[in-house]
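# Structure at a glance
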Amino acid sequence: MMLHIPAVLSKVQVAELRQQLDRSEHWMNGQLSAGSQAQKIKKNLQLDSSSVLYQQISPIILQALKSHHLITSAALPKHILPPLFNCYQDSGTYGNHVDNAIHYSPLLGQAIRTDVSLTLFLSEIDEYEGGELVVEDQYGCHEVKLDAGDVIVYPSTSLHRVEPVTQGKRIAAVTWIQSMIREDAKRSMLFDLDMTIIKLRQQIGDTEEVLQLTHHYHNLIRQWGDL
C-alpha cells in the first residue's frame, strides 16, 4: 500500500526547518552511509547524524510522525527509526534499489526490521526539477512529488529510485518503520477497516454494528500482530 498523507508538518514548521538545513555546513556525501552496491547508484548529500543540528531536529520530526493518526493507522508502528535528512541537487540521484531489510536503531540499541519506508518532503514542488520518487510494485511504476510537509509511505520491499534533480534542490527526511503487522496486504486491509470504522462512527455513532467491526479490527491485530 502506498499512502499520501498531507500536511504532517505545517508550512511554518517546514520553513523553520529549511532555514536551519539551508544554513548548515554539516552535509556529507550520502555514499558514506550506503553499502557497496548502493554506492554505485547513489549521488546525494546527507546531514551528518552526529551534528548538533541533526540532534536538535531529528526528534521533532520523529515526534510528528509518531503522533500522526494516519501514519499510525497505515503503518501500525512497533518502532520508527530516527529520520535521516538528504539533499539532491546538481543532477543528484539514487538509482533503483530496495531498502535494507534490517537497520540499527540508536534509540533502542538494537536492530529493527524495515517494513514501511517513509519520505517527508521538505522542498516545495516548484523549488526543483526532476527528483521524483519512483516506486515500482506489482501494479506498475508510481511517480511521487509532493508539497513540502507531505509524507508518502510505501512498503520497504518495493524497488524504488529518486530521479535526477536537474535544477534546484530537493530536501527530504526519510525513515523506516517496523510494523506490528509484517505483511503489507494485511496492513492495507486493517487500514481500510480502520478508516471505514472512523467514517461510520462519524455518520451513525457507536452502533452495535460499528462495535462489531471494531471488535473484528482489534482481534485481527491480535491474530496477525508481531510484538
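For the structure itself, consult the block above.
Just so it is clear, the model here is predicted, and its values are computed rather than measured. (Residues numbered from 1 in each chain as written. Predicted model: local features only at pLDDT ≥ 70, side-chain atom pairs only at ≥ 80, totals over all residues. Heavy atoms only, no water.)

## Focus on empty space enclosed by the protein
Using a probe with the size of a water molecule, rolled over the atoms, empty space left in the structure can be pinpointed. Counted only if it meets this: Computed over the protein atoms alone on a 1 Å grid, cavities are sets of points where a 1.4 Å probe fits but cannot get out and pockets are open sets with protein on both sides within 12 Å along at least five of seven lines; a residue lines them when it has an atom within 4 Å of a point. Grid points are joined across faces, edges and corners, and a volume is the space filled by probe spheres set on the points. For the purposes of this entry, the term helix denotes a DSSP run of H or I that reaches at least four residues, the term strand denotes a run of E that reaches at least two, and both are numbered from the N terminus. We call Asp, Glu, Lys and Arg charged. Ala, Val, Leu, Ile, Met, Phe, Trp, Tyr, Cys and Pro are nonpolar, and the rest, Gly among them, are polar.
Tallying each qualifying case throughout the model produces 1 cavity of 30 Å³ or more. Estimated volume of the largest cavity: approximately 50 Å³. Taken together, Met1, Ala74, Ala75, Val116, Val153, Tyr154, Pro155, Asp184 and Arg187 make up the full set of residues lining the largest cavity. Every element with two or more residues in the lining of the largest cavity is listed here: α4 (69-75), β14 (151-155) and α5 (184-204). At 3 residues, the largest contribution of residues to the lining of the largest cavity is made by β14. Residue composition of the lining of the largest cavity, grouped by class: 7 nonpolar, no polar and 2 charged.

## Description of the environment of tryptophan 224
Here tryptophan 224 shows up in helix α6 (residues 208-224). Measuring from C-alpha to C-alpha, the distance between tryptophan 224 and leucine 81 comes to 22 Å, with 143 residues separating the pair along the chain.

## Focus on the pairing of strand β12 (residues 133-137)
Selection criterion: Strands are labelled as partners when DSSP assigns at least two bridges between them.
Two elements, β12 and strand β13 (residues 140-144), share 5 bridges in a ladder whose sense is antiparallel. Counted as the bridge partner of valine 134 is glutamate 143 from β13. Taking the residues that link successive antiparallel strands as the turn, the β12-β13 hairpin has 2 residues. In this sheet, strand β15 (residues 159-162) lies alongside β12 in antiparallel orientation, the contact comprising 4 bridges. Each residue of the ladder has a partner; that of leucine 133, found in β15, is valine 162.

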